[in-house]
Amino acid sequence: MINITALVENTTSDERLDKEHGLSLYIEALGHRILFDMGQTDLFARNAEALGIDLAGVDLAVLSHGHYDHGGGLARFLELNQTAPVYLNQHAFEPHYHGEERYIGLDTALAASPRLRFVGDREEIAPGLTLATCNGLPKREDLGSFGLTVEEDGAFRPEDFRHEHYLLIEDAGRRVLISGCSHKGILNIVDWFRPDVLVGGFHFNTMPLDDALAGYARQLSAYGTDFYTCHCTGRKQYAFMKEYMDHLAYLSTGQTIQV
């Protein structure tokens, strides 16, 4: 059994806990205590304390991609936990922007931390735990870069999200996939992995509630995957898609699911 608790998400289901635009998940799987993303601030740690979750006991952490709302709490985690390695993609500290003015990347002062483990396109970090970017694989859908950019050689280019990877947990024949924001396209990610369960954001929060979104929902539903979504999906988009998907639920701050 895999237990997943939302330490931080855009909404909250527990009056003891605060919310923020960001994501942090505490996962117990295959004998490991895993922190997946650290939200925008230190709120993930304060909420964990309120929930009785000891972050000092985490034995490995994963940063899904190099954006502030997932890695803003990285420094706080490194303070609270003295031993756990933090796995992130080799491109995570590239300068990421919204447009050409708003920096949305990580604190580059942390890049030299000896606790960080930079990985490439695919790496097994423990038995049954694999990180994969799927970079270079063909896409069923391409929704573009959402106005997000990366600075390269003094110029800005549209993001290709090469720094985003996904955590695949394989347990007793089941495939559980954890995604931060699914920037490369949730339809592509499901097609690449064919998971039994997927937990994470869909990055649909700016999409209109129209036939296109209904079509995406129907396509996702056809895979038979159980979806637990959050964060950048958008509450309105979630409610709209749920009309077309039998296996879609929302994971809010403070909630725990067993998969």
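So, here's what we can say about the structure. Keep in mind that this is a model prediction, so the values were computed, not measured. (Residues numbered from 1 in each chain as written. Predicted model: local features only at pLDDT ≥ 70, side-chain atom pairs only at ≥ 80, totals over all residues. Heavy atoms only, no water.)

1. Focus on the sheet that holds strand β7 (residues 102–103)
Right, so step 1: In space, the 4 strands of this open sheet follow the order β7-β6-β11-β12, with antiparallel pairing throughout. For this open sheet the edge positions go to β7 and β12 (155–158), each flanked by a neighbour on one side alone.
Right, so step 2: With 3 bridges connecting them, strand β6 (residues 96–98) and strand β11 (residues 148–152) associate as antiparallel partners. Counted as the bridge partner of His98 is Leu148 from β11. (Pairing = 2+ DSSP bridges. Helix = DSSP H or I, 4+ residues; strand = E, 2+ residues; numbered from the N terminus.)

2. Let's talk about the pattern of salt bridges
Right, so step 1: Within this structure, the stated rule accounts for 9 salt bridges.
Right, so step 2: The partner of Arg162 in a salt bridge is Glu152, and the shortest N-O contact between them spans 3.2 Å. Residue Arg162 is located in the loop between β12 and β13 (166–171), and its partner Glu152 is located in strand β11; the two are separated by 10 residues in the primary sequence.
Right, so step 3: Put simply, Asp160 and Arg157 hold a salt bridge, and the shortest N to O gap is 3.9 Å.
Right, so step 4: Since its relative accessible area comes to 36%, Asp160 is described here as partly exposed.
Right, so step 5: A network of salt bridges, in which partner residues are shared, links Glu94, Glu152, Arg157, Asp160 and Arg162. (Salt bridge = Lys/Arg side-chain N within 4 Å of Asp/Glu carboxyl O. Buried < 20%, exposed > 50% of the residue type's maximum accessible area, 1.4 Å probe, protein only.)

3. Topic: the pairing of β13
Right, so step 1: Sheet topology places strand β10 (residues 129–132) next to β13; 4 bridges connect them, and they run antiparallel. What sits directly across from Thr130, in β13, is Leu168.
Right, so step 2: Relative to strand β14 (residues 174–179), β13 is paired through 5 bridges, and the arrangement is antiparallel. Following the sheet pairing, Leu167 is matched in β14 by Ile178.
Right, so step 3: Count of turn residues in the β13/β14 antiparallel hairpin: 2 residues, of which Ala172 carries a positive phi of about 55°.

4. Details of helix α5 (residues 211–221)
Right, so step 1: What α5 keeps buried is the set Leu213, Ala214, Gly215, Tyr216, Ala217 and Leu220.
Right, so step 2: The residue sitting at the N-terminus of α5 and contributing the capping side-chain oxygen is Asp210; that oxygen lies 3.2 Å from the backbone nitrogen of Ala212. (Polar contact = N/O pair within 3.5 Å; in protein donor to acceptor, adjacent residues only side chain to side chain.)

5. A few points about the sheet that holds strand β17 (residues 248–250)
Right, so step 1: Here we have 7 strands laid out as an open sheet, ordered β9-β10-β13-β14-β15-β16-β17, and mixed in their pairing. Edge strands, defined here as strands with exactly one partner in the open sheet, are β9 (122–126) and β17. The sheet shows a mean angle of 20° between the axes of neighbouring strands, direction not considered.
Right, so step 2: Along the sheet face, helix α4 (residues 186–193) touches β10, β13, β14, β15 (197–200) and β16 (226–229) and points at about 150° away from the line of β14. (Axes fitted to C-alpha atoms, helices over the stretch in contact; angles between N-to-C directions. Contact = heavy atoms within 4.5 Å.)

6. A few points about the packing of α4 against α5
When two helices pack together, their arrangement is given by the angle between the helix axes and the distance between those axes.
Right, so step 1: One way to put it is that α4 packs onto α5 with a least axis distance of 10 Å and a crossing angle of 10°. Considering the angle they form, α4 stands roughly parallel to α5. Crossing geometry of α4 relative to α5 is assigned as left-handed. Residues Ile186, Leu187 and Val190 of α4 form the contact with α5, whose own contacting residues are Tyr216, Gln219 and Leu220.
Right, so step 2: Here the residues of the contact of α4 with α5 are counted per class, giving 5 nonpolar, 1 polar and no charged. (Parallel < 35°, antiparallel > 145°, perpendicular 65-115°, else oblique. Left-handed = near helix turned anticlockwise from the far one by under 90°. Nonpolar A, V, L, I, M, F, W, Y, C, P; charged D, E, K, R; others polar.)

7. Let's talk about the packing of aromatic side chains
Right, so step 1: Applying the stated criterion to the full structure yields 10 aromatic pairs.
Right, so step 2: Both rings, one in Tyr97 and one in Tyr103, keep their centres 5.4 Å apart while their planes meet at 75°; by these two values the pair is edge-to-face.
Right, so step 3: Ring plane angle 65° and centroid distance 5.2 Å describe the contact between Tyr238 and Tyr250, whose orientation is recorded as edge-to-face. Of this pair, Tyr238 sits in helix α6 (residues 235–242) while Tyr250 is found in strand β17, placing the two residues 12 residues apart along the sequence. (Phe/Tyr/Trp six-rings, centres within 6.5 Å; stacked < 30°, edge-to-face > 60°.)

8. Description of the environment of Tyr103
Right, so step 1: Relative to the assigned elements, Tyr103 resides in strand β7.
Right, so step 2: In sequence terms Tyr103 and Val176 are 73 residues apart; their C-alpha atoms lie 32 Å from each other.
Right, so step 3: Contact partners of Tyr103, with chain neighbours within four places excluded, come to Pro95, His96, Tyr97 and Thr108.
Right, so step 4: Of the polar contacts made by the side chain of Tyr103, one reaches the backbone oxygen of Leu106; its length is 2.6 Å.

9. Re the side chain of Thr229
Right, so step 1: Relative to the elements of secondary structure, Thr229 occurs in strand β16.
Right, so step 2: A polar contact is formed between the side chain of Thr229 and the side chain of Thr233, at a distance of 2.5 Å.
Right, so step 3: With sequence-adjacent residues up to four places away left out, Thr229 is seen in contact with Gly200, Gly201, Phe202, Tyr238, Leu248, Ala249, Tyr250 and Leu251.

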